[in-house]
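# A structural walkthrough
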Amino acid sequence: SPTFVIAGAGAAIWFAALERPSRGEWALFGFVVVCTILASSDAMPRAIQRAVFDKYHFKTVPCIVLWVVLQVRLWRRTK
């Protein structure tokens, strides 16, 4: 989980740097928080942790989705 701490910190910095987050950005940040940060805490029921997050390694999906969104924004950026 140390890697997910780094990813969570990166997501928080990205979100804090936004001027006015849109609904999509709020949803993406919420997706990252719930499925990455809260997935391995006591806030998530143990049955869901074992059935979804541990079995299918679902914690990586929100990080990959955020990374792809940021890459698309960087490549489409105009001056």
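Presented here is a report on the structure given in the accompanying data block. Bear in mind that the values here come from a model prediction, so they are computed numbers and not experimental data.

To continue, consider the packing of aromatic side chains. Evaluated as defined, the whole model comprises five aromatic pairs. For the pair Phe31 and Phe58, a centre-to-centre distance of 6.4 Å together with 80 degrees between the ring planes defines the contact as edge-to-face. In this pair, Phe31 is assigned in helix α2 (residues 23-37) and Phe58 in the loop between α3 (46-56) and α4 (60-76), connecting sequence segments 27 residues apart. An aromatic cluster is built from Trp14, Phe15, Trp26 and Phe29, whose rings are joined through pairwise contacts.

So, about the state of the cysteines. Applying the stated criterion across every chain, the model contains zero disulfides. Summary of cysteine pairing: Cys35 is not part of a disulfide, and the nearest cysteine sulfur, belonging to Cys63, is at 9.8 Å. By relative accessible area, Cys35 is classed as buried at 10%.

Direction vectors running N to C along helix α1 (residues 2-17) and α2 enclose 160 degrees, while the axes themselves pass 11 Å from each other. Looking at the two axes, α1 sits roughly antiparallel to α2. As for how α1 packs across α2, the hand of that crossing is left-handed. Where α1 approaches α2, its residues Phe4, Gly8, Ala11, Ala12, Trp14 and Phe15 are matched on the opposing element by Glu25, Trp26, Leu28, Phe29, Val32, Thr36 and Ile37. Among the residues forming the contact of α1 with α2, the class breakdown is 10 nonpolar, two polar and one charged.

Tracing the backbone shows Glu25 in helix α2. Glu25 gets classed as buried once you look at its relative accessible area, which sits at 10%. A polar contact is formed between the side chain of Glu25 and the side chain of Arg73, at a distance of 2.8 Å. In contact with Glu25, not counting residues within four places along its chain, are Trp14, Phe15, Leu18, Arg20 and Arg73.

The next thing to look at is α2. If you check α2, its first and last C-alpha atoms are 20 Å apart, about what 15 residues at 1.5 Å a residue would give, namely 21 Å. Taken together, the buried positions of α2 are occupied by Glu25, Leu28, Phe29, Val32, Cys35 and Thr36. Axial view of α2: buried residues confined to an arc of 155 degrees, hence all on one face. The exposed residues of α2 that point more than 90 degrees off its buried face are Arg23 and Trp26. Taken together, the buried residues of α2 touch α1, α3 and α4.

Reading guide: rules and limits
Residues numbered from 1 in each chain as written. Predicted model: local features only at pLDDT ≥ 70, side-chain atom pairs only at ≥ 80, totals over all residues. Heavy atoms only, no water. Phe/Tyr/Trp six-rings, centres within 6.5 Å; stacked < 30°, edge-to-face > 60°. Helix = DSSP H or I, 4+ residues; strand = E, 2+ residues; numbered from the N terminus. Disulfide = S-S within 2.5 Å. Buried < 20%, exposed > 50% of the residue type's maximum accessible area, 1.4 Å probe, protein only. Axes fitted to C-alpha atoms, helices over the stretch in contact; angles between N-to-C directions. Parallel < 35°, antiparallel > 145°, perpendicular 65-115°, else oblique. Left-handed = near helix turned anticlockwise from the far one by under 90°. Contact = heavy atoms within 4.5 Å. Nonpolar A, V, L, I, M, F, W, Y, C, P; charged D, E, K, R; others polar. Polar contact = N/O pair within 3.5 Å; in protein donor to acceptor, adjacent residues only side chain to side chain. Expected span 1.5 Å × (residues − 1). Arc of directions from axis to C-beta.

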